[in-house]
Amino acid sequence: MSWELTRADLPDLARGAAFLGTGGGGDPYIGHKLVELALGEGSITILDPDEIANDLFVIPVALMGAPTVMIEKLLAGHEPLTALRHLEAHYGRPADATMPIECGGVNSLIPLLVAAQTGLPVVDADGMGRAFPELSMETFAVYGVNASPIALTAERGEHIILDTGADNRRIEQLARALTVELGGSAAIAEYAMTGADVRRTGVPRTISMALSIGRAIREARAEHRSPFEAIADALAPTLYSHVRELFVGKIVDVERRTEGGFARGRAKLVSADATDTSAFEIDFQNENLVARRDGRLVAIVPDLICVVDQETAEPITTETLRYGQRVRVLGVSTPALMRTPEALDTFGPPAFGLAEAFVPVEELS
């Protein structure tokens, strides 16, 4: 059923989006504040994917670039809408709705910004079911929707239309290079599709899920209940039903660099239990990709590896990882459509050059 989102929902949505971003997707606080300013006392219509018309014309919008850049080089606010308008002009028709390309981090909020500015509805689905670092890493692409053509826009008014046909990897390469030249971040509109395509290729109801996770964390803290149990309860009836605690401890080292338009690095942790001498490491490329305990695999992409505050369960993004933080690391299973052979070829371990094969987190831990 479709529903109305208001400014009161935004803090919970941003928190849940940060969790689903598995460390990446950009800081949702920035998107939260932009949407809040544009929305005022109004509301945004969120469309259930099962109820939309087959011929609904949907244009997703997002930001592209390294999260480390986005927290220093803030949006002016017009860029995502400008990208949408340029892609509409390219197609010669207006969008009937917009949608996230990923449900994690700031990119959960960017379609809401455009919706608040235009009155367009937002489809409750996305193409990643989390956040991934490359725009070709989409369930949309896996199941037959092309990223091309794509419109890129920067804060000073630059705009580019790129079209590589069915070659989604090539458009990622070209768009990434242009984004670096545009200062490390840009707004994009891409993966234009029909309502029928959304149902066939998208991960359903991820905006609702992010809102549910964020609300569960907030309410559990207010009622002095375990926010970690609340997260598991919120996810239990969804397509992300397995939640595993992977590690509890302190961050003792963070290696992080901005390279090729990505934030890459590794975080090292030690146990909160003085009798536990195990070492825990997380490798990331914008998002957390693989977690190992004493060299043994405990979670790997595309399953979620979520770093949260040890007490409050507030999500911690890769660009805000710091020495001394006390954290819990949670592993969360992804839906079946993200674990098919075709999906794993696109955004599984081989796509990131990882030596390990994918094993579901519920089997590893």
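Predicted model, so just to flag it, every value in this text is computed and none were measured.

Caption draft 1: Quick look at unusual backbone geometry. With an omega dihedral of -10 degrees, the bond running from Ser 148 to Pro 149 counts as a cis peptide bond. When you line up the elements, Pro 149 lands in the loop between α6 (139–142) and β7 (150–153). Each neighbour pair has its own omega, and for Val 301 with Pro 302 the value is 15 degrees, a cis peptide bond. A positive phi angle is found at Arg 205, which is not glycine, with a value near 60 degrees. Considering the arrangement of structural elements, one finds Arg 205 in the loop between β11 (203–204) and α9 (206–222). Take Arg 205: its relative accessible area is 33%, and that puts it in the partly exposed class. In the Ramachandran plot, Asp 294 falls in the positive-phi region, its phi being about 50 degrees despite a non-glycine side chain. Residue position: Asp 294 is located in the loop between β15 (287–293) and β16 (296–300). Taking the relative accessible area as the measure of exposure, Asp 294 reaches 54% and is therefore exposed.

Caption draft 2: The arrangement of the side chain of Arg 15 in detail. For Arg 15, the location among the structural elements is in helix α1 (residues 10–20). Within the local environment of Arg 15, its side chain forms a polar contact with the side chain of Asp 12, the two groups lying 3.1 Å apart. With residues up to four places along the chain from it excluded, the contact list for Arg 15 reads Gly 214, Ile 217, Arg 218, Arg 221, Glu 314 and Pro 315.

About the cut-offs
- Here the residue numbers are simple positions, counted from 1 along each chain's written sequence.
- In view of the model being predicted, local features appear only for residues whose pLDDT reaches at least 70, and side-chain atom pairs are presented and counted only at 80 or more, with totals across whole chains, interfaces and linings using the full set of residues.
- Processing note: side-chain calculations cover all non-hydrogen atoms of the structure and skip hydrogens and water entirely.
- Numbered from the N terminus, helices here are DSSP runs of H or I no shorter than four residues, and strands are runs of E no shorter than two.
- Here the term buried applies to any residue with accessible area under 20% of the maximum for its type, exposed to any over 50%, and partly exposed to those in between, with areas from a 1.4 Å probe on protein chains only.
- In protein, a polar contact requires one atom able to donate a hydrogen and another able to accept it; more generally it is a pair of N or O atoms within 3.5 Å, and residues adjacent in sequence count only if both atoms are side-chain atoms.
- Any two residues having at least one pair of non-hydrogen atoms within 4.5 Å are treated as being in contact.

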